[in-house]
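What follows is the residue order along each chain.
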Amino acid sequence: MAFATTRGTDGAPDSFLGTTGEDAILLQNQSDAAFVSGRQADDTVTVTSFEQLVSNQTLRGGAGDDTVNVQNATNINASFIAQDDGNDAITLNSVSNSTVQGNIGNDILTVAGLVNTSVVNGNQNNDTLNVNGGVSAGQIYGGIGFDIININTNSTGVSRFQGNEDGDSINIAAAVDLNGATVNGNQGNDTITVGTAAAGLGGFANSTIFGGSGNDTLNAANAASTIDLIVHTNDGNDNITTAN
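Sequence order as written defines the numbering, with residues in each chain counted from 1. Only residues with pLDDT of at least 70 get local features here, since the model is predicted, and only at 80 or more are side-chain atom pairs given and counted; chain-wide, interface and lining totals rely on the full set of residues. Only heavy atoms go into the side-chain values, all of them from the structure, while hydrogens and water stay out.

1. Some thoughts on the sheet that holds strand E18 (residues 135-136)
Now for step 1: Here, strands pair whenever DSSP counts at least two bridges between them. Numbering goes from the N terminus for both helices and strands, where a helix is a DSSP run of H or I of at least four residues and a strand is a run of E of at least two. Spatial ordering of the open sheet is given by E6-E9-E12-E15-E18-E21, a layout of six strands whose pairing is parallel. Where the open sheet ends on each side, the last strands, each with one partner, are strand E6 (53-55) and strand E21 (155-156).

In structure tokens, the structure reads:
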């Protein structure tokens, strides 16, 4: 099967489709709407643009262990980025008004920039979600499986960080300021860790942590002595450790 490129007409997106083999697709300086799919096998999809903001993109790795990378400070808006079956990786800069999701497999989703009014979802299996550059009214979900959510950035607006099903780990890094956020382990035996001096920038104003059902652990032993935070353990035999 040959690589297929179809230019859109009458407002339809341009289409770039891989083959049944291992493809490397480079979407460079694409200013129009686009649909990209690697189809089968272990594919790599790379997006880079001279424009700071690229909109209306659908990026899919397809079946296999795929990689989607957005490079050169290119930010994604009003787009859908998803993987299919396989152990996949998605690495992005900022995303706004978009959906980013893994699928069946142990996926790694990393957003280096701002998650603005967007959804990032690991979906099924044991996923790792790294949120590194700010969250504004964003939603971060682990999905089904034993997931790891690393919150390495500040959050504003009504943002949500949720493990969903199974025993998840949610790690709030040092000096992170969550304002108006909800952190929820949800079902399973979850572990939620609050990092050193996480309250140093204002802490957790108007924020809440829910353990959810299951035997959960909240470890805030290394946090500042005073945290503006509401904690709900919910069902199960839970353990809470705080600073002295």
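There's plenty left to go through after this.
2. What about the pattern of salt bridges?
Now for step 1: Criterion for a salt bridge: a side-chain nitrogen of Lys or Arg within 4 Å of a carboxyl oxygen of Asp or Glu. If you walk through the whole model with that rule in mind, you get one salt bridge.
Now for step 2: Between Asp84 and Arg60 there is a salt bridge, with the nearest N and O atoms lying 2.7 Å from each other. A residue pair is termed long-range when its members are at least 10 positions apart, and Asp84 in the loop between strand E10 (80-82) and strand E11 (89-92) and Arg60 in strand E7 (residues 57-60) qualify at 24 residues.
Now for step 3: When a residue's accessible area, from a 1.4 Å probe over protein chains only, is under 20% of the maximum for its type it is buried; when over 50% it is exposed; and in between it is partly exposed. Assessed through its relative accessible area of 21%, Asp84 is described here as partly exposed.

3. Focus: the environment of Asn103
Now for step 1: Secondary-structure assignment places Asn103 in the loop between strand E13 (99-101) and strand E14 (108-111).
Now for step 2: For Asn103, a relative accessible area of 16% translates into the label buried.
Now for step 3: Distance from Asn103 to Asn123, taken between C-alpha atoms, is 5.1 Å for residues 20 residues apart in sequence.
Now for step 4: Contacts are residue-level and defined by heavy atoms, with any inter-residue pair within 4.5 Å sufficient. Other than its neighbours up to four places away in sequence, Asn103 contacts Gln83, Asp84, Asp85, Gly122, Asn123 and Gln124.

4. Describing the side chain of Gln30
Now for step 1: Inspection of the secondary structure puts Gln30 in the loop between strand E3 (24-28) and strand E4 (34-37).
Now for step 2: In terms of polar contacts, Gln30 uses its side chain to reach the backbone carbonyl oxygen of Asp32, at 3.3 Å. Pairing of N or O atoms within 3.5 Å defines a polar contact, subject to two protein rules: one partner must be a possible hydrogen donor and the other a possible acceptor, and residues neighboring in sequence count only if both atoms are side-chain atoms.

5. Focus: unusual backbone geometry
Now for step 1: In this model, Ala78 sits at a positive phi of 50°, which is unusual for a non-glycine residue.
Now for step 2: When you line up the elements, Ala78 lands in the loop between strand E9 (75-77) and E10.
Now for step 3: In this model, Ala137 sits at a positive phi of 55°, which is unusual for a non-glycine residue.
Now for step 4: Note that Ala137 resides in the loop between E18 and strand E19 (139-141).
Now for step 5: According to the relative accessible area criterion, Ala137 is partly exposed, its value standing at 31%.

6. Let's talk about the pairing of E7
Now for step 1: Side chains Gln57 and Leu59 project from E7 onto a buried face, and the interleaved Thr58 and Arg60 project onto a face without burial.
Now for step 2: Judged from the four bridges that link them, E4 and E7 form a sheet pairing that is parallel. When the bridges of E7 are listed, Phe35 appears paired with Thr58.
Now for step 3: When E7 meets E10, the two strands line up parallel, connected through three bridges. By the bridge assignment, Thr58 is partnered in E10 with Phe80.

7. Quick word on the pairing of strand E25 (residues 191-194)
The two faces of the sheet receive side chains in turn, since in a regular strand these alternate between them.
Now for step 1: Across the two faces of E25 the burial differs, with Ile192 and Val194 buried and Thr191 and Thr193 not buried at all.
Now for step 2: Where strand E23 (residues 169-172) meets E25, four bridges bridge the pair, whose relative direction is parallel. Residue pairing in the sheet places Ile170 in a bridge with Ile192 of E25.
Now for step 3: Bridge count for E25 against strand E27 (residues 217-220) is three bridges, and the pairing is parallel. The partner of Thr191 across the bridge, within E27, is Thr217.

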